[in-house]
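Coordinate analysis (summary)
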Amino acid sequence: KNNYAFSLSIIGVLYFTFGFITWLNNQLIPFLKTACQLTDTQAYLVTFAFYISYFVMALPSAGILKKTGFAKGMSLGLLVMALGCVVFIPAAMSRNYLVFLIGLFVQGTGLALLQTAANPYVTILGPIESATQRMCIMGLFNKIAGIVGIYIFSKALLSNIGAVSESINAATGMQQVALLDELAHRIITPYIVMAIGLVLIA
């Protein structure tokens, strides 16, 4: 029973983790739109770059898990997600939209691998008759992570974004570039913390 509770707790942490990262896309859209001076179409490619990795990596993830097993596969998924977070650092430093998209795709790739392992693992972790119950509990972890993630990142990234946007629009030349760079750099610390957290969980 102790082993079962511990294993279920670890999976709960994983569901919280990928819920946290998935729901951040909503915060990244307005943030990157301002920081990288994007059109609406370009801004919504944030979501596309993240979720297309699920389509691309679905079958490869299954093949990888056959070789690594569930536990090592989940650790690998977390490490790939951490790599995606690290990519955000040079993206923010150079304010390069394409590099941001690459980072999102790498995060999505790790998340696809993690979910491909975690979802069936929940069903075999305990008695088959309570598998649905466990999935529902994991879903709660996922949604709670979304609420927490949105709150934290709205404070870290979108604090005074309206006033900042007005200042950027009013500025010209090097002053505008400096303001945009300052805004883009807001994302560095949160993603360093996330990368470290993902490595520790892995």
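Thresholds applied
Residues numbered from 1 in each chain as written. Predicted model: local features only at pLDDT ≥ 70, side-chain atom pairs only at ≥ 80, totals over all residues. Heavy atoms only, no water. Helix = DSSP H or I, 4+ residues; strand = E, 2+ residues; numbered from the N terminus. Buried < 20%, exposed > 50% of the residue type's maximum accessible area, 1.4 Å probe, protein only. Polar contact = N/O pair within 3.5 Å; in protein donor to acceptor, adjacent residues only side chain to side chain. Contact = heavy atoms within 4.5 Å. Phe/Tyr/Trp six-rings, centres within 6.5 Å; stacked < 30°, edge-to-face > 60°. Expected span 1.5 Å × (residues − 1). Axes fitted to C-alpha atoms, helices over the stretch in contact; angles between N-to-C directions. Left-handed = near helix turned anticlockwise from the far one by under 90°. Nonpolar A, V, L, I, M, F, W, Y, C, P; charged D, E, K, R; others polar. Core = buried A, V, L, I, M, F, W, Y, C linked by side-chain atoms within 4.5 Å. Salt bridge = Lys/Arg side-chain N within 4 Å of Asp/Glu carboxyl O.

Quick word on the side chain of S53
Position of S53 among the secondary structure elements: in helix α3 (residues 40-68). We classify S53 as buried; its relative accessible area is 0%. For S53, the side chain forms a polar contact with the main-chain oxygen of G108, separated by 3.4 Å. Setting aside anything within four residues of it in sequence, one finds S53 in contact with A58, F105, G108, T109 and A112.

Overview of the packing of aromatic side chains
Within this structure, the stated rule accounts for 8 aromatic pairs. For the ring pair F50 and Y51, a centre distance of 5.1 Å and an interplane angle of 85 degrees mean the geometry is edge-to-face. Classification of Y51 by relative accessible area gives partly exposed; the value is 37%.

As for helix α6 (residues 131-156)
Given a rise of 1.5 Å per residue, 26 residues ought to cover 38 Å, and the 37 Å separating the end C-alpha atoms of α6 matches this to within 8%. When we look at burial in α6, the residues that qualify are A131, R134, M138, N142, A145, G146, G149 and F153.

Comments concerning the environment of L198
For L198, the position within the fold is in helix α9 (residues 188-201). As a C-alpha pair, L198 and M81 span 117 residues in sequence and 7.3 Å in three-dimensional space. Dropping the residues within four chain positions of it, L198 is found in contact with T17, I21, L78, M81, A82 and C85.

Some remarks on the environment of L200
Tracing the sequence through the fold places L200 in helix α9. Given the relative accessible area of 69%, L200 is considered exposed. Remark: the alpha-carbon pair of L200 and S75, spanning 125 residues in sequence, is separated by 9.8 Å.

Things to note about the packing of helix α2 (residues 25-35) against α3
Relative orientation and spacing of two packed helices are given, respectively, by the angle between their axes and the distance between those axes. Packing of α2 against α3 leaves a shortest axis separation of 9 Å and a crossing angle of 145 degrees. Judged by the twist between their axes, the crossing of α2 over α3 is right-handed. Contact with α2, carried on its side by N25, L28, I29, L32 and K33, involves D40, A43, Y44, V46, T47, F50 and Y51 of α3 and no other residues of that element. Here the residues of the contact of α2 with α3 are counted per class, giving 8 nonpolar, 2 polar and 2 charged.

What to know about the nonpolar core
Core analysis: the biggest nonpolar cluster contains 56 residues, and L28, I187 and Y191 have the highest contact counts within it. Among the elements that take part in this core, helix α5 (residues 97-124) stands out by supplying 10 residues, more than any other.

Side note on the pattern of salt bridges
Enumeration over the complete set of coordinates arrives at 2 salt bridges. For the salt bridge of K33 with D40, the shortest nitrogen-to-oxygen distance reads 2.3 Å. The partner of R95 in a salt bridge is D181, and the shortest N-O contact between them spans 2.9 Å. Taken together, the residues R95 in the loop between α4 (70-94) and α5 and D181 in helix α8 (residues 173-184) connect sequence positions 86 residues apart. By relative accessible area, D181 is classed as partly exposed at 24%.

Points about α4
Look at α4: 37 Å from first C-alpha to last across 25 residues, which is about the 36 Å you get at 1.5 Å a residue. For α4, every residue scored as buried is listed here: G73, M74, G77, L78, M81, A82, G84, C85, V87, F88, A91 and A92. R95 lies just past α4 and shows a positive phi near 50 degrees.

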